[in-house]
Amino acid sequence: MRPFAIKVYRAVLGIPLGETRTYKWVAKKSGRPKAYRAVGQILKNNPYPLIIPCHRVISSNQELRGYIFGKKMKQALLNWERKIKELVV
């Protein structure tokens, strides 16, 4: 696995439950602020989508982009996480 991909996955693992960040945010956090398209490609190939929560990454205009299990599932996961967070916090 490439070093940048590892940085991307680590950044995504740091996104709190029920919250979202942009591809641009992940790129910046991973040390390559202009590589947001590369971030999208890396997350598209996420080998552990249930462990590395790539569903928490959205576009800069707050739109949901592709997800291995579909956009509806991406939205459902975010909604479930927000409900869980409300119960726990």
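Residues numbered from 1 in each chain as written. Predicted model: local features only at pLDDT ≥ 70, side-chain atom pairs only at ≥ 80, totals over all residues. Heavy atoms only, no water.

Draft legend 1. Representation of the environment of Ile51 within the structure. Along the chain, Ile51 falls in the loop between α3 (36-44) and β2 (57-58). With relative accessibility at 62%, the residue Ile51 sits in the exposed group. In this structure the C-alpha to C-alpha distance between Ile51 and Leu13, which are 38 residues apart in sequence, comes to 8.3 Å. (Helix = DSSP H or I, 4+ residues; strand = E, 2+ residues; numbered from the N terminus. Buried < 20%, exposed > 50% of the residue type's maximum accessible area, 1.4 Å probe, protein only.)

Draft legend 2. Structural detail: the pattern of salt bridges. One pass over the full model with this rule turns up four salt bridges. Two residues, Lys85 and Glu19, come together in a salt bridge whose shortest N-O distance is 2.6 Å. With Lys85 in helix α4 (residues 71-88) and Glu19 in the loop between α1 (3-13) and β1 (21-22), this pair connects stretches of sequence that are 66 residues apart. Lys85 sits in the partly exposed class, given a relative accessible area of 27%. In this structure Glu19 comes out as partly exposed when scored by relative accessible area, which is 26%. (Salt bridge = Lys/Arg side-chain N within 4 Å of Asp/Glu carboxyl O.)

Draft legend 3. Highlighting α3. Along α3, the positions that sit buried rather than exposed are Val39, Ile42 and Leu43. Taken end-on, α3 shows its buried residues confined to a sector of 95°, consistent with a single buried face. α3 presents Arg37 and Lys44 as exposed residues on the side facing more than 90 degrees away from its buried surface. Residues of α3 that are buried in the fold lie against α1, α2 (23-29) and β2. (Arc of directions from axis to C-beta. Contact = heavy atoms within 4.5 Å.)

Draft legend 4. View of the packing of aromatic side chains. Applying the stated criterion across every chain yields a total of one aromatic pair. Between Tyr67 and Phe69, the ring centres sit 5.5 Å apart and the planes meet at 70°, which makes this aromatic pair edge-to-face. Accessibility expressed as a relative area gives 45% for Phe69, which makes it partly exposed. (Phe/Tyr/Trp six-rings, centres within 6.5 Å; stacked < 30°, edge-to-face > 60°.)

Draft legend 5. Highlighting the side chain of Ser30. Tracing the sequence through the fold places Ser30 in the loop between α2 and α3. Only 3.5 Å separates the side chain of Ser30 from the backbone oxygen of Lys7, close enough to count as a polar contact. A polar side-chain atom of Ser30 sits 2.7 Å from the main-chain carbonyl oxygen of Val26. Here Ser30 is in contact with Phe4, Lys7, Val8 and Ala11, once residues within four sequence places are set aside. (Polar contact = N/O pair within 3.5 Å; in protein donor to acceptor, adjacent residues only side chain to side chain.)

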